[in-house]
Amino acid sequence: MYNLQVTVSDAAGQTVTSTVQVTGYSTILGHQLFYAGSSFDGTSHDTAIAPDKSPLLPGQTATFANYSSFSRGINGIMVDILRPSGNLTAADFIFRVGNDNNPSTWSTAPAPLSVTNHPIGGTAGTRIEIIWPDNAIHGQWLQVTLKGGAASTSGLAADDVFYFGSAPGEIGDDPASARVNAMDQLALRYASGGDASLSSRNDVNRDGVVGVADEQVARANTTYFLNELHLISVPGGEAAAPSFAQPAAPLIARKSAACAGTSGAGGLADRKCGAFRSRPHRQMLNRHSGPWSPFWHGANLRSARACW
Ligand SMILES: [Ca+2]
Ligand SMILES: [Ca+2]
């Protein structure tokens, strides 16, 4: 909790002071998928982060960018968070798996092998690394909920929810489907010896080579309409706004003489002062992350001048 005091004055020397109480929350910096145990993996796991994958977020519809083709399924997720309130453990998360548009009905996911916290070099951020056994999450969607709200270890204002999918052997040949079929096998056969970088669509077993083993992954994980990974649309959208606490004490420390005669319910001073109070609240609602904007002060200065 912070107390923020603002004092403004006009050309006549009349001043007004307002104090507001604000609650500081931690902030999500990012989410990553990484290929644990791949040839790119190292001690920090950072070298195995998939550069071409991003989480499916509430309100969105899935694309190839949101699911993994890794032969071992989803076995590594990272959450970067700025100034969490404490050390995060598996108890601070909810993991569910499913393959339709109703995540509330999904099953509880297999428990992760580990949840570890690491500082992000040069910042106040913390990287949470979550690792599952190979193929424990395979051919379906994983929903990750990092618990937020009052007294949460994360320090987030509200739950952070995101998704990653798994379709081993899928090369993303059809934007409208994640079905692994003969087209994927053929494409992998012809791609043999080609690009095997971290963002390669073809090195599906992530061994640093595109070859027959990748084609075999697609063959072993062939899907059809009954068991293919669906390009789901997930509910939600607007992230919850940080809370804003109004001070119990009067906001206006001193009013101008010009307003003295209009004080009281519905009077000019009250209306203007009301405007002064309401603006910081609106600014807070619009603020989801990041440091306080300098504009916040500027907006209120202009409002105060108009008032007095
Ligand atoms: Ca395909
Ligand atoms: Ca390979």
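Scroll up for the structure.
The paragraphs below set out a description of the structure included in this document.

Definitions and cut-offs
- Residues numbered from 1 in each chain as written.
- Chains lettered and ligands numbered in written order.
- Predicted model: local features only at pLDDT ≥ 70, side-chain atom pairs only at ≥ 80, totals over all residues.
- Heavy atoms only, no water.
- Donors = N, O, S within 2.8 Å, 3.2 Å for Na, K, Ca; no water.
- Tetrahedral: all angles 85-135°; square planar, octahedral: opposite > 155°, others 65-115°.
- Buried < 20%, exposed > 50% of the residue type's maximum accessible area, 1.4 Å probe, protein only.
- Helix = DSSP H or I, 4+ residues; strand = E, 2+ residues; numbered from the N terminus.
- Contact = heavy atoms within 4.5 Å.
- Pairing = 2+ DSSP bridges.
- Axes fitted to C-alpha atoms, helices over the stretch in contact; angles between N-to-C directions.
- Patch = residues over 30% accessible without salt bridge, like charges linked within 9 Å, V, L, I, M, F, W, Y side chains within 5 Å.
- Areas by Shrake-Rupley, 256 points an atom, 1.4 Å probe, with all protein chains shown as cover.
- Salt bridge = Lys/Arg side-chain N within 4 Å of Asp/Glu carboxyl O.
- Core = buried A, V, L, I, M, F, W, Y, C linked by side-chain atoms within 4.5 Å.
- Lys, Arg positive; Asp, Glu negative; His and termini not counted.
- Polar contact = N/O pair within 3.5 Å; in protein donor to acceptor, adjacent residues only side chain to side chain.
- Parallel < 35°, antiparallel > 145°, perpendicular 65-115°, else oblique.
- Nonpolar A, V, L, I, M, F, W, Y, C, P; charged D, E, K, R; others polar.

Another point: the coordination of the calcium ion (ligand 2). Within the first shell, the calcium ion (ligand 2) binds the protein through Asp203 (OD), Asn205 (OD1), Asp207 (OD), Val209 (O), Asp214 (OD) and Asp214 (OD), at distances of 2.1 to 2.5 Å. In this structure, the calcium ion (ligand 2) is surrounded by 6 donor atoms whose angles at the metal cover 52 to 161 degrees, and the resulting shape is irregular. On the basis of relative accessibility, which here comes to 0%, the residue Asp203 falls in the buried class.

Okay, the side chain of Gln185 next. Looking at the element boundaries, Gln185 is found in helix H1 (residues 182-190). Here Gln185 is in contact with Glu215, Ala218, Arg219 and Thr222, once residues within four sequence places are set aside.

What follows covers the sheet that holds strand E9 (residues 125-131). Paired through backbone hydrogen bonds, the strands of a sheet run either parallel or antiparallel to each other. What the 4 strands build is an open sheet, ordered E3-E5-E9-E8; its pairing is antiparallel. Single-partner strands in this sheet number two, and they are strand E3 (27-33) and strand E8 (114-119). Adjacent strand axes in the sheet meet at a mean angle of 20 degrees when their direction is disregarded. Summarising the sheet, strand E5 (residues 76-82) and E9 pair through 7 bridges and their orientation is antiparallel.

This part covers the coordination of the calcium ion (ligand 1). Distances from the calcium ion (ligand 1) to its protein donors, namely Glu170 (OE), Glu170 (OE), Asp173 (OD), Arg179 (O), Asp184 (OD) and Asp184 (OD), fall within the range 2.2 to 2.6 Å. Here the calcium ion (ligand 1) binds 6 donor atoms, and the angle range of 52 to 164 degrees at the metal identifies the geometry as irregular. When the donor residues of the calcium ion (ligand 1) are listed from N- to C-terminus, their spacing reads E-x2-D-x5-R-x4-D. Taken together, the residues span a long stretch of sequence, with Glu170 in the loop between strand E11 (160-166) and H1 and Asp184 in helix H1 at a distance of 14 residues. Asp184 carries the same exposure label as Glu170, and that label is buried.

In this section: a nonpolar patch on the surface. There is a patch of nonpolar side chains on the surface, built from Met183, Leu186 and Tyr190 and spanning about 370 Å² of accessible area. Its location among the elements puts Leu186 in helix H1.

Overall, mixed pairing links the 5 strands, which are arranged E4-E11-E10-E6-E7 in an open sheet. Across the chains shown, the open sheet's two edge strands, defined by having one partner strand only, are strand E4 (67-68) and strand E7 (107-108). Relative to strand E10 (residues 141-146), strand E6 (residues 93-98) is paired through 6 bridges, and the arrangement is antiparallel. Bridge pairing links Val97 to Leu142 in E10.

Attention now goes to the pairing of E9. It is a general feature of regular strands that their side chains alternate between the two faces of the sheet. Counted residue by residue, E9 has 7 buried out of 7 residues, so it is predominantly covered. Because side chains alternate across E9, one face comprises the buried residues Gly125, Arg127, Glu129 and Ile131, and the other comprises Thr126, Ile128 and Ile130, equally buried. As paired elements, E8 and E9 share 6 bridges and run antiparallel to each other. In the sheet register, Val115 faces E9, and the bridge partner there is Ile130. Counting the residues between successive antiparallel strands, the hairpin from E8 to E9 contains 5 residues, one of them, Gly122, with a positive phi of roughly 80 degrees.

Attention now goes to the nonpolar core. The biggest cluster of nonpolar side chains holds 25 residues, and the ones touching the most others in it are Ile77, Phe93, Phe95, Ile128 and Leu142. Listing elements by their share of this core, those giving two or more residues are E5, E6, E9, E10 and E11. Setting aside its immediate chain neighbours within four residues, Phe93 contacts Val79, Leu88, Val115, Ile128, Ile130, Val144, Thr145, Leu146 and Lys147. Ranked by size, the runner-up nonpolar core spans 12 residues in total, among them Phe64, Trp106, Ala178 and Ile232.

A word on the side chain of Glu170. Despite being buried, Glu170 has no salt bridge partner; Arg201 is the closest side chain of opposite charge, sitting 6.8 Å away. For Glu170, the side chain forms a polar contact with the main-chain nitrogen of Asp173, separated by 3.4 Å. Leaving out residues up to four positions away in the same chain, Glu170 has contacts with Phe64, Tyr67, Ser69, Ser177, Ala178, Arg179, Val180, Asp184, Arg201 and Val204.

Let us look at the environment of Pro103. Positionally, Pro103 belongs in the loop between E6 and E7. When the C-alpha positions of Pro103 and Gln143 are compared, they lie 7.5 Å apart, and in sequence the two are 40 residues distant.

Tracing the chain through its elements places Gly194 in the loop between H1 and helix H2 (212-220). What makes Gly194 partly exposed here is its relative accessible area of 36%. It is 8.5 Å that separates the C-alpha atoms of Gly194 and Gly211, two residues lying 17 residues apart in sequence.

Close contact between H1 and H2 brings their axes to 8 Å; oriented N to C, the two are set at 180 degrees. Of the possible angle classes, the one that applies to H1 and H2 is roughly antiparallel. Counting all contacts with H1, which are made through Asp184, Gln185, Leu188 and Arg189, the residues of H2 involved are Asp214, Glu215, Ala218 and Arg219. Residue classes in the contact of H1 with H2 are distributed as 2 nonpolar, 1 polar and 5 charged.

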